[in-house]
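# A look at the structure
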Amino acid sequence: MNPRIDIAPGQVQRWRLVNACVARFFRLSLAGHTLHVVGTDGGLLEKPYAVGELLLSPGERVDLLVKASGSPSTSYKLLSLPYSRQGAMGGDQVTLATLTYGGKRTRVDQTLPTVVDPAATRARIDTAGLKRVRMDLSMGQGHGYINGISFTGHDSSYMTMSELGTWEVWEVTNSSGMDHPFHHHTNHAQVLSVTGGDPGYAQLWTSAAAWKDVTVVPRWGRVELLVPVRDHAGMSMLHCHIIEHEDIGMMGVWHIEEAMGPM
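Description of the structure in this document.

## What to know about the overall build of the protein chain
Within the protein chain, the regular secondary structure consists of two helices and 19 strands. For the protein chain, whose C-alpha radius of gyration is 20 Å, the value lies close to the compact-globule estimate of 18 Å for 263 residues. Projecting the C-alpha coordinates of the protein chain onto the three principal axes gives extents of approximately 65 × 45 × 25 Å. Across the 263 residues of the protein chain, 49% fall into the buried class. Across the protein chain, every contact between residues at least 6 apart in sequence was considered, and the portion connecting residues at least 24 apart equals 77%. Accessible surface for the protein chain amounts to roughly 12,600 Å². Of this, 52% is attributable to carbon and sulfur atoms. When the 22 positive and 25 negative side-chain charges of the protein chain are each reduced to one mean point, those points stand 10 Å apart.

## Some thoughts on the nonpolar core
In terms of nonpolar packing, the biggest core is built from 54 residues, with Val37, Trp170 and Phe182 touching the most fellow members. The contact partners of tryptophan 170, leaving out residues within four places of it in the chain, are Val133, Met135, Phe182, His184, Val223, Glu224, Leu225, Val227, Leu238 and Trp254.

## A look at the sheet that holds strand E14 (residues 180–184)
If you trace the five strands from one edge of the open sheet to the other, you get E12-E19-E18-E14-E16, paired in mixed fashion. Edge strands, defined here as strands with exactly one partner in the open sheet, are strand E12 (158–163) and strand E16 (214–217). Across the sheet, the mean angle separating the axes of adjacent strands is 25 degrees when strand polarity is ignored.

## A short note on the side chain of aspartate 179
In this fold, aspartate 179 is placed in the loop between strand E13 (167–174) and E14. Among buried Asp, Glu, Lys and Arg side chains, aspartate 179 stands out as unpaired, with arginine 219 the closest opposite charge at 5.4 Å. A polar side-chain atom of aspartate 179 sits 2.4 Å from a polar atom in the side chain of tyrosine 83.

## Looking at the packing of aromatic side chains
Under the definition given, this model contains five aromatic pairs. Aromatic side chains phenylalanine 25 and tyrosine 83 sit 5.7 Å apart centroid to centroid with 20 degrees between the ring planes, which places their arrangement in the stacked category. With a gap of 58 residues between them, phenylalanine 25 in the loop between strand E2 (12–18) and strand E3 (26–30) and tyrosine 83 in the loop between strand E8 (76–80) and strand E9 (94–101) connect regions that are remote in the sequence. The class of tyrosine 83 is partly exposed, set by a relative accessible area of 22%. With 5.7 Å between their ring centres and 50 degrees between their planes, tyrosine 76 and tyrosine 101 make a pair best called tilted.

Definitions and limits used
Residues numbered from 1 in each chain as written. Predicted model: local features only at pLDDT ≥ 70, side-chain atom pairs only at ≥ 80, totals over all residues. Heavy atoms only, no water. Helix = DSSP H or I, 4+ residues; strand = E, 2+ residues; numbered from the N terminus. Rg over C-alpha atoms; globule rule 2.2 N^0.38 Å. Buried < 20%, exposed > 50% of the residue type's maximum accessible area, 1.4 Å probe, protein only. Contact = heavy atoms within 4.5 Å. Areas by Shrake-Rupley, 256 points an atom, 1.4 Å probe, with all protein chains shown as cover. Lys, Arg positive; Asp, Glu negative; His and termini not counted. Charge placed at Lys NZ, Arg CZ, Asp CG, Glu CD. Core = buried A, V, L, I, M, F, W, Y, C linked by side-chain atoms within 4.5 Å. Pairing = 2+ DSSP bridges. Axes fitted to C-alpha atoms, helices over the stretch in contact; angles between N-to-C directions. Salt bridge = Lys/Arg side-chain N within 4 Å of Asp/Glu carboxyl O. Polar contact = N/O pair within 3.5 Å; in protein donor to acceptor, adjacent residues only side chain to side chain. Phe/Tyr/Trp six-rings, centres within 6.5 Å; stacked < 30°, edge-to-face > 60°.

As structure tokens, then:
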């Protein structure tokens, strides 16, 4: 609870964060400092992205760079700012950790990199002719649904079929009044668009060369994902990463088949 993180004046630290909560969203902010996002679920980004705050839903991971640019005589709180996944104002502000300048290290002068992973790029794919898969997340009568089907077993669930070596566009809509972090196993995706929700979240993940396997689908909103089907023929899963929503049926099967090849 509220651990202390020591940093030397001028030092740059790499923080690797995962939201391991069952349902809580974190709206991260470090008082007096800028957060520099350099990695996400599927690996490092091409460069740092400076943000004042960052939304992190259950299952999402980020790598951050933090430069100690503040006053050495002051401590700074890593906060989770108020956020309601139902869209209304509310929620508590929580101090997650406290950044203090000191320890055994003397002042250093480290610079933030301008390039992180030069091989990281956004995919340049003409999506016009790609297969489009539409999934709708909804809730009602104590159940969660994908396209109106509540998961009760792999043979009684929503199922989508893909072929290895292809690309697809997934359009995931949210017909409920609550954000859902949409998680797909096996293959990462790039975010093409986000409609609704936190504008900073949409701006970051639709511009960075980020590969993700968890993406927030805002309440009454939608996301478009560019999905390369690269790995692992067989049966995989997709679901809401709020664990109780997965448990009440907001989960489906992603069946990946070997490429048929020429006839």
